[in-house]
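If you want the building blocks of each chain, they are given just below.
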Amino acid sequence: MNIDPAHSTYMRRALALARRGWGKTHPNPMVGALIVEEGKIVAEGWHEKAGEAHAEVAALKALGRDPKPGATLYVTLEPCCTEGKTPPCTEAILRAGILKVVVGATDPNPAHASRGLYLLRERGVEVISGVLEKDCEDLNLIFNHWIVKKRPFVAAKIASTLDGRTATRDGNSKWITGEEARRDVHRWRRYFPAIAVGSNTLSTDNPALTSRLEETWCPVRFIFDRTLRTVREPLPQIYSDEWRSNTIVVTDSTDAPRRLKVLEDQGVTVWSMRAERFFETFLEKCTQAQITGVYVEGGSSLLGLLLEEHRIDYLFSYRAPVFLADPQALPALQGLVSTTLDAAPRLNNIRHALYGDDQLMRGHIVYPNV
């Protein structure tokens, strides 16, 4: 489809507006919108957080008057057409008298997909859809998965050498990637409502698991510790810092009452799982708690267990221009046996980026025969 270059230019601006809601809109999507009159942007809006005005309504409010004849609305996601916490955006568009709407991505909800576009067209509005569609879809990885699969979006992050190692044989891993790549990790931490690590990572690195960019922000912090071995003196910082109430320990230990009491006294939550349905139960509890996405930062043992059960939906793979060439160095991923390349998981919808000298490849994991 040939797209008017002006449509792409305006949609890029709408995407930039949408990103102002980065990590703040869950369980809703990030959406940006703007109004163009006679070739000029006259109003802009974005969805700031759940329960507040949608991007289209915010742009119309920012305009502060009726749009001029011939005005065009650009929006990164198909306008909603159903009543929720806010009225349908399609009705707001029609009331404003806008007769041309340019849309990026279609609503991923199968129950609503293209319905908003249809309603607008039925009322005489010219609708152009699919402008920078892939970029607009990529903006809402978590929402798209949640609304279709009805379960959390689980993404894994690895930072490895050219030969796929995350640490030396002695466990030295600081720092494989450079400052720019690590800053991007903090940006993605802000995107996800929850971060997870295993007990090995907590014991070795004692991470804060916060996003430290312009300001420090703390998501839900999951620690997978099946034996509660991380509950020891001195306590790791996430059990004792100012955000410890955001920490949840996921365990199947039933014989460590003293350690459970320590966590309780610290205000740390414990989720007790049945060993035989450990990760399945974890995802069910996340769904019940409306935790729509989990960013798993390792280590390799935890990622291996999740891979074995095909529980990882997406992979962020940062690669540094260094190699160890040591078979005893720690691998980035393990846990699967693929006897042929056709039987190996692959990524699709792949995105590439450079951060200094480091590369990022990210995409959805496709498991063969699943």
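Before reading on, note that the structure itself is shown above.
To keep things clear, this report deals only with the structure shown in the data block. (Residues numbered from 1 in each chain as written. Predicted model: local features only at pLDDT ≥ 70, side-chain atom pairs only at ≥ 80, totals over all residues. Heavy atoms only, no water.)

1. Observations regarding the packing of aromatic side chains
- Inspection of the entire model under this criterion finds 19 aromatic pairs.
- Where W271 meets F282, the ring centres are 6.0 Å apart and the plane angle is 55 degrees; that geometry is what we call tilted. With W271 in strand β13 (residues 269-272) and F282 in helix α10 (residues 278-288), the pair connects residues that are 11 residues apart, well separated along the chain.
- For F282, a relative accessible area of 4% translates into the label buried. (Phe/Tyr/Trp six-rings, centres within 6.5 Å; stacked < 30°, edge-to-face > 60°. Helix = DSSP H or I, 4+ residues; strand = E, 2+ residues; numbered from the N terminus. Buried < 20%, exposed > 50% of the residue type's maximum accessible area, 1.4 Å probe, protein only.)

2. Here we look at the pattern of salt bridges
- If you walk through the whole model with that rule in mind, you get 19 salt bridges.
- Salt-bridge contacts for E44 lead to R13; the nearest nitrogen and oxygen are separated by 2.8 Å. A residue pair is termed long-range when its members are at least 10 positions apart, and E44 in strand β2 (residues 40-46) and R13 in helix α1 (residues 5-18) qualify at 31 residues.
- You can call R13 partly exposed: its relative accessible area is 29%.
- Ionic pairing is found between K157 and E297, a salt bridge with its closest N-O pair at 3.7 Å. Of the two residues, K157 sits in strand β6 (residues 153-160) while E297 sits in the loop between β14 (293-296) and α11 (300-308), which places them 140 residues apart along the sequence.
- Its relative accessible area of 15% is what places K157 among the buried residues.
- By sharing partners, the salt bridges in this structure join K157, R189 and E297 into a single network. (Salt bridge = Lys/Arg side-chain N within 4 Å of Asp/Glu carboxyl O.)

3. Considering the sheet that holds strand β12 (residues 247-251)
- With mixed pairing, the nine strands of this open sheet are ordered in space as β13-β12-β11-β8-β14-β6-β15-β18-β17. At either end of the open sheet lies a strand with only one pairing partner, and these are β13 and β17 (346-355). Sheet twist, expressed as the mean angle between neighbouring strand axes with direction ignored, is 20 degrees.
- Examined bridge by bridge, β6 and strand β15 (residues 314-319) share six bridges and lie parallel to one another. Bridging across to β15, I158 finds its partner in S317.
- Of the strands in this sheet, β6, β14, β15 and β18 (358-366) are in contact with helix α6 (residues 141-149), which crosses β6 at around 140 degrees. (Pairing = 2+ DSSP bridges. Axes fitted to C-alpha atoms, helices over the stretch in contact; angles between N-to-C directions. Contact = heavy atoms within 4.5 Å.)

4. A word on the sheet that holds strand β1 (residues 32-37)
- Across the sheet, five strands lie side by side as β2-β1-β3-β4-β5; this open sheet has mixed pairing. Of all strands in the sheet, those bounded by a partner on one side alone are β2 and β5 (126-128). Neighbour-to-neighbour, the strand axes of the sheet open up by a mean angle of 20 degrees, direction not taken into account.
- Relative to strand β3 (residues 72-77), β1 is paired through four bridges, and the arrangement is antiparallel. Note on β3: the bridge partner recorded for A33 is V75.

5. Here we look at the pairing of β12
- With five of five residues buried, β12 is to be regarded as a mostly interior element.
- Of the two faces of β12, both are covered, the one formed by T247, V249 and T251 as well as the one formed by I248 and V250.
- Note: strand β11 (residues 220-224) against β12, four bridges, orientation parallel. Bridge pairing in β12 places I223 opposite V249.
- With four bridges joining them, β12 and β13 adopt parallel strand pairing. Looking at the pairing, T251 lines up with S272 of β13.
- Crossover connection from β12 via helix α9 (residues 257-266) to parallel β13: handedness right-handed. (Right-handed = clockwise from strand over helix to strand, strands pointing away.)

6. Describing the state of the cysteines
- According to the stated counting rule, one finds zero disulfides in the structure shown.
- Unpaired in this structure, C136 has its nearest cysteine sulfur neighbour in C89, at a distance of 15 Å.
- Here C286 stays free of any disulfide, with the sulfur of C218 as its closest cysteine sulfur at 15 Å.
- A residue is classified by how much of its surface remains accessible, and C286, at 0% relative accessible area, is buried. (Disulfide = S-S within 2.5 Å.)

7. Examining the pairing of β14
- Residue alternation in β14 divides its side chains into two sets, G293 and Y295 and V294 and V296, and both sets are buried.
- Across four bridges, β6 lies against β14 in parallel orientation. Its bridge partner lying in β14, A155 is registered against Y295.
- Where strand β8 (residues 194-198) and β14 come together, three bridges link them in parallel fashion. Paired with I195 across the bridge in β14 is Y295.

8. What to know about the layout of surface pockets
- Reported here for the largest pocket is a volume of approximately 1,000 Å³.
- Lining of the largest pocket is provided by 37 residues; of these, K157, S173, T201, D205 and E297 occupy positions nearest its centre.
- For the lining of the largest pocket, the secondary structure elements donating two or more residues are β6, β7 (165-167), α7 (179-191), α8 (199-205), α11 and β16 (330-331).
- Here the element with the most residues in the lining of the largest pocket is α7; it accounts for six residues.
- Partitioned by chemical class, the residues of the lining of the largest pocket number 15 nonpolar, 13 polar and nine charged. (1 Å grid on protein atoms, 1.4 Å probe; cavity = no way out; pocket = protein on both sides within 12 Å on 5 of 7 lines; lining within 4 Å. Points joined across faces, edges and corners; volume = space filled by probe spheres on them. Nonpolar A, V, L, I, M, F, W, Y, C, P; charged D, E, K, R; others polar.)

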